[in-house]
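Examining the three-dimensional arrangement
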Amino acid sequence: MADVIDGKQVAASVIDEVKAAASALETETALKTGLAVVIVGDDPASHTYVAAKSRMAKECGFNSIQHTLPAETTQEELASLVASLNADPKVNGILVQLPLPKHLNSDAIIQSILPEKDVDGLHVVNAGKLATGDLATGLISCTPAGAMLFVRRTHGEDLSGLNAVVIGRSNLFGKPMAQLLLNANATVTIAHSRTKDLPSVARNADILVAAVGRPEMVRADWVKPGATVIDVGINRIDAPERGEGKSRLVGDVAFAECAEVASVITPVPGGVGPMTIAMLMANTVIAAYRAAGKVAPKF
Ligand code: GUN
């Protein structure tokens, strides 16, 4: 049976480091780290996520500001809020929760955030810095940064000689994850829905990362014995065994059977999920240090 990574515990250790860093910055410079979270509309899941982000920012000792805008907000109104947050020196990080209501152009909004305040790591400047290996001045998207922290804690900083396979090629996760693995010297394959014989490609992986959004797609015979398996999927499926109308969360990996083959595996829930918020806090305190002209902590 594989070692199961406890994402909550790793996230809690990152949060402790963030709190210490924010408090040291405040002591040294009297500057409080500030995070602004913007949500537009009434999507209940998004409200839950945003509330958790705002709450955690407070817990980290940040100046936590939430802007809750109605679903009818116009592109101009949202753009003008982002412009005012860009100009506000008390705000170090800006997060606009996605998805935005359909009438809004999210890419234009995300790209209008100052790259140095883009704590989601979604701005093309931050994506470009990651792609060129400039990890020192850019901000890295939170979920890949969290998944990479698990990889580093398992294999160390240097992945020379290891094969990594990322299943999924999204801008939000697959591409930045592959860049992080490559920066750490892994030999990286990005696989996706058009890949020929996905199971045999996956079986080549010492580090297998699944981010496809298909419940339990990765089976035991896709996993190389002894591999590290990182599951980034969060899928809600029916669970009639729990009672009528009940559901449960599963990842992209068939956990129980893959845990018999892998040496390290992340669960869903409780794996990569808790890391996303922790890395958002880490990015925010990094942005605050840089804004203050100080050397930022590493996570
Ligand atoms: N919606 C779901 N995940 C995310 C995320 O990481 N960032 C933003 N901005 N919105 C999201």
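All values reported here derive from a predicted model rather than from experimental measurement. Throughout this description, residue numbers start from 1 for each chain and increase along the sequence as written. Two thresholds apply to this predicted model, a pLDDT of at least 70 for residue-level local features and 80 or more for giving and counting side-chain atom pairs, whereas whole-chain, interface and lining totals are computed over all residues. Values reported for side chains reflect all heavy atoms of the structure, with hydrogen atoms and water molecules removed beforehand.

**Here we look at the sheet that holds strand β3 (residues 63–69)**
Within a sheet, neighbouring strands are paired by backbone hydrogen bonds and run either parallel or antiparallel to one another. Two strands qualify as a pair provided DSSP detects at least 2 bridges between them. Secondary structure elements follow DSSP: runs of H or I of four or more residues count as helices, runs of E of two or more count as strands, with numbering from the N terminus. Strands sit in the order β3-β2-β4 across an open sheet of 3 strands; the sheet is parallel. Looking at strand neighbours, the two that pair on one side only are β3 and β4 (93–96), the edges of this open sheet. With strand direction ignored, the average angle separating the axes of adjacent strands in the sheet is 15°. Bridge count for strand β2 (residues 34–40) against β4 is 4 bridges, and the pairing is parallel. Its bridge partner lying in β4, Ala36 is registered against Ile94. In what follows, a contact means two residues having at least one pair of non-hydrogen atoms within 4.5 Å. Orientation is described by lines fitted to C-alpha atoms, with helices fitted over the stretch in contact, and by angles between N-to-C directions that extend from 0 to 180 degrees. Along the sheet, helix α10 (residues 273–291) contacts β2 and β4; its crossing angle with β2, the most-contacted strand, is approximately 130°.

**Here we look at the site of the ligand**
In the region of the ligand, the neighbouring residues are Leu95, Val96, Gln97, Leu98 and Asp120. Between the ligand and the protein, one listed contact pairs a nitrogen atom with a backbone N or O atom of Val96 at 2.8 Å. Polar contacts, as counted here, are pairs of nitrogen or oxygen atoms within 3.5 Å of one another; within protein the pair requires one atom able to donate a hydrogen and one able to accept it, and residues that are adjacent in sequence qualify only if both atoms are side-chain atoms. Asp120 is positioned such that a nitrogen or oxygen atom in its side chain is 2.5 Å from a nitrogen atom of the ligand. Relative to its free-state accessible area of 280 Å², the ligand is covered by the protein chains to the extent of 76%. Residues that form the shell around the ligand fall into these classes: 3 nonpolar, 1 polar and 1 charged. Throughout, the term near means that a residue has one or more heavy atoms lying within 4 Å of the molecule or strand in question. The Shrake-Rupley method, run with a 1.4 Å probe sphere, supplies the accessible areas, and residue values consider only the shown protein chains as cover. Amino acids outside the nonpolar list (Ala, Val, Leu, Ile, Met, Phe, Trp, Tyr, Cys, Pro) and the charged list (Asp, Glu, Lys, Arg) are all regarded as polar, and Gly is one of them.

**Topic: unusual backbone geometry**
The omega torsion across Leu98 and Pro99 is 0°, close enough to zero to call that bond cis. Here Pro99 is to be found in the loop between β4 and α4 (106–112). Cis geometry marks the peptide bond from Val268 to Pro269; its omega dihedral reads -5°. Topologically, Pro269 is positioned in the loop between β11 (264–265) and α10. In this structure, Asp197 takes a positive phi of about 50° despite not being glycine. The residue Asp197 is located in the loop between β6 (187–191) and α8 (198–202) in this model. Three labels apply to residues, based on accessible area from a 1.4 Å probe with only protein chains included: buried if under 20% of the type maximum, exposed if over 50%, partly exposed otherwise in between. Looking at Asp197, the relative accessible area reads 45%, which means it is partly exposed.

**Structural notes on the nonpolar core**
Val14, Val18, Phe62, Met177, Leu181, Val209 and Met281 are the most contacted members of the largest nonpolar core, which has 59 residues in total. At the level of elements, α1 (7–29), β2, α2 (44–59), α6 (142–155), β5 (163–167), α7 (174–183), β7 (207–210) and α10 are the ones that each hand at least two residues to this core. By residue number, the principal contributor to this core is α10, which donates 12 residues. In contact with Met177, not counting residues within four places along its chain, are Pro144, Ala147, Met148, Val151, Val166 and Val209. Here, nonpolar core means buried Ala, Val, Leu, Ile, Met, Phe, Trp, Tyr and Cys residues that are tied together by side-chain atoms lying within 4.5 Å of each other. Ala2, Leu198, Ala210 and Trp222 belong to the second largest nonpolar core, which has 20 residues in total.

**Focus on the environment of Val209**
By the secondary structure assignment, Val209 is in strand β7. Along the chain, Val209 and Ala191 lie 18 residues apart, while their C-alpha atoms are 10.0 Å from each other. Here Val209 is in contact with Val165, Val166, Ile167, Phe173, Met177, Leu181, Ile230 and Val232, once residues within four sequence places are set aside.

**Overview of the side chain of Asp118**
Its place among the elements puts Asp118 in the loop between α4 and α5 (124–131). Under the counting rule used here, the positive set is Lys and Arg, the negative set is Asp and Glu, and His together with the chain ends is not counted. By convention in these notes, a salt bridge is any Lys or Arg side-chain nitrogen within 4 Å of a carboxyl oxygen on Asp or Glu. Here Asp118 occupies a buried position and makes no salt bridge, while the nearest side chain of opposite charge, Arg290, is found at 9.8 Å. In terms of polar contacts, Asp118 uses its side chain to reach the backbone amide nitrogen of Leu122, at 2.8 Å.

**Comments concerning the pattern of salt bridges**
With the rule as written, the count across this model stands at 8 salt bridges. Salt-bridge contacts for Lys32 lead to Glu26; the nearest nitrogen and oxygen are separated by 3.9 Å. When its relative accessible area of 32% is taken as the criterion, Glu26 is described as partly exposed. One salt bridge in this structure joins Arg152 and Glu157, with 3.3 Å as the shortest N-O distance. Of the residues examined, Arg152 reaches a relative accessible area of 25% and is grouped as partly exposed.

**Describing the pairing of β6**
Bridge analysis of β5 against β6 gives 5 bridges, and the strand direction is parallel. The partner of Asn163 across the bridge, within β6, is Thr187. Consider the strands pointing away from the viewer: the crossover is right-handed when the path from the first strand over the helix to the second runs clockwise. With α7 bridging β5 and its parallel neighbour β6, the resulting β-α-β unit is right-handed.

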